[in-house]
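Okay, here's what each chain looks like letter by letter:
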Amino acid sequence: MTIRLPDAEGGLRAYEPRPEPLAVTPGAPFTSRTVFSAAHVVADPFADVSPDSPAAVDWDATLAFRRHLWSHGLGVAEAMDTAQRGMGLDWAGAAELIRRSAAEAKAVGGRIACGVGTDQIVKGSLPEVRAAYEEQLALVEESGAQAILMASRALAATAFDPEDYLEVYGHLLRQATEPVILHWLGPMFDPALEGYWGSSDLDAATDNFLEVIAAHPDKVEGIKVSLLDARREIDIRRRLPQGVRCYTGDDFNYPELIAGDEQGFSHALLGIFDPLGPLAAEAVRVLDTGDAAGFRALLDPTVELSRHLFQAPTRFYKTGVVFLAWLAGHQSHFTMVGGLQSARSLPHFARAYELADGLGLFPDPKLAEERMKNLLSLYGVNQ
């Protein structure tokens, strides 16, 4: 059987889907690396909402997907960018997501960390930014989850210099009950974060970021770096205080960063591990045995798919993630909160399907093929 897919020249070409999926099995958490998947949310397709309405979430399907990730030994990074935080999911929706997911994690024994931001406000004074962070930090800590202090659009719009960042983050770290993960999200993921840490010069911004950590090493369990710059991440990783972990957020270079070098390695907190969950888990279990070459042999072939999903404008990678979850049978529809299913083109979807199918990511290749054909028919492509 073949399926006709759009090609780069605006025509159609025949593609023969893979007949069998990659054989992977659920397993226990890993021993050599701590790995989080930043998980997407499943929209309620029957809710009568508009793109600018509060998100309508299918909670059963959303929590089922988290159980899927936990079953493979992955941790869940909740209410992050992958969950459309600030791109369809507002603070009220994120708060409900955190409460429900944290309770589910406790029930099944899954590891969870949750995003703490300032999306109650668009902008405000530094005290107002601090108060917004504090409200979210309190909710995450009350839920029993680990806190991830995310970059703040409101702080980026308000801060005048590096000292403002040092003051706000220092205040939050001093009051945090348990050590947190600090998240540096680059402007390729969110243009409103340009100049974060007080400078558009990345060398200066890196120094300011490390100054925050150095002042409170006992309150920083780790950092997540999402700059799509492997060399910079390695430089930051080597400059961290003893005991502070680096979690890669580099969806372009994750295999080499997780594998590491003679001076260290990165743990992982990645959006691409939403669609790659079972395969990524299998690769890390191989790494647990000390087989770095086997780990790379499994994970390196996934980079082409990841770079495709995260191509510019990178912030729309969520569309590809949810598209693949639909093809894989994790949800019954391809609808997203905020109407974000419209953010990528048909050729983009076709290439994502082909790459994911080639990796064996679809548990039921026939179902994925049928759903891809349904999507193609909506665009006027008849098989």
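You'll find the structure just up there.
*Asks:* Explanation requested: the pattern of salt bridges in the structure shown.
*Replies:* Here the idea is simple: oppositely charged side chains can pair when their charged atoms come close. Going through the model one piece at a time under the given rule, you end up with 21 salt bridges. Among the ionic pairs, Glu96 bridges to Arg100, the shortest N-O distance being 2.8 Å. Pair noted here: Glu96 and Arg100 are both in helix α2 (residues 91-108), with a separation of four residues, about one helical turn. On the basis of relative accessible area, Arg100 is assigned to the partly exposed category, the value being 33%.

*Asks:* Explain the environment of Asn382 to me, please; I cannot follow it from the model alone.
*Replies:* Tracing the backbone shows Asn382 in the segment after α14 (365-378). A relative accessible area of 54% places Asn382 in the exposed class. Along the primary structure Asn382 and Val49 are separated by 333 residues, whereas in three dimensions their C-alpha atoms are 30 Å apart.

*Asks:* I'm lost on the nonpolar core in this one. Help?
*Replies:* Nonpolar side chains in soluble globular proteins generally cluster together in the buried interior. Grouped together as the largest cluster of nonpolar side chains are 119 residues, with contacts concentrated most on Tyr169, Leu182, Tyr196, Ile223, Phe273, Phe323 and Tyr353. Of all the elements, helix α13 (residues 346-359) adds the most residues to this core, at eight residues. For Ile223, the residues in contact, after removing those within four places along its chain, are Ile181, Leu182, Phe209, Ile213, Ile236, Leu240, Val244, Arg245, Cys246 and Tyr247. Judged by nonpolar contacts, the second largest core, of 10 residues, contains Ala38, Met80, Ala113 and Leu269.

*Asks:* Got a minute to help me understand the sheet that holds strand β8 (residues 220-226) in this structure?
*Replies:* In a beta sheet, neighbouring strands pair by backbone hydrogen bonds and run either parallel or antiparallel. An order of β3-β4-β5-β6-β7-β8-β9-β10 is seen for the eight strands of this closed barrel, with the pairing classed as parallel. Geometrically, the sheet is characterised by an average inter-axis angle of 25 degrees between neighbouring strands, direction not taken into account. Strand direction decides the pairing type here: β8 and strand β9 (residues 245-248), joined by four bridges, are parallel. Along β9, the bridge assignment pairs Val225 with Thr248.

Reading the values: the criteria
Residues numbered from 1 in each chain as written. Predicted model: local features only at pLDDT ≥ 70, side-chain atom pairs only at ≥ 80, totals over all residues. Heavy atoms only, no water. Salt bridge = Lys/Arg side-chain N within 4 Å of Asp/Glu carboxyl O. Helix = DSSP H or I, 4+ residues; strand = E, 2+ residues; numbered from the N terminus. Buried < 20%, exposed > 50% of the residue type's maximum accessible area, 1.4 Å probe, protein only. Core = buried A, V, L, I, M, F, W, Y, C linked by side-chain atoms within 4.5 Å. Contact = heavy atoms within 4.5 Å. Pairing = 2+ DSSP bridges. Axes fitted to C-alpha atoms, helices over the stretch in contact; angles between N-to-C directions.

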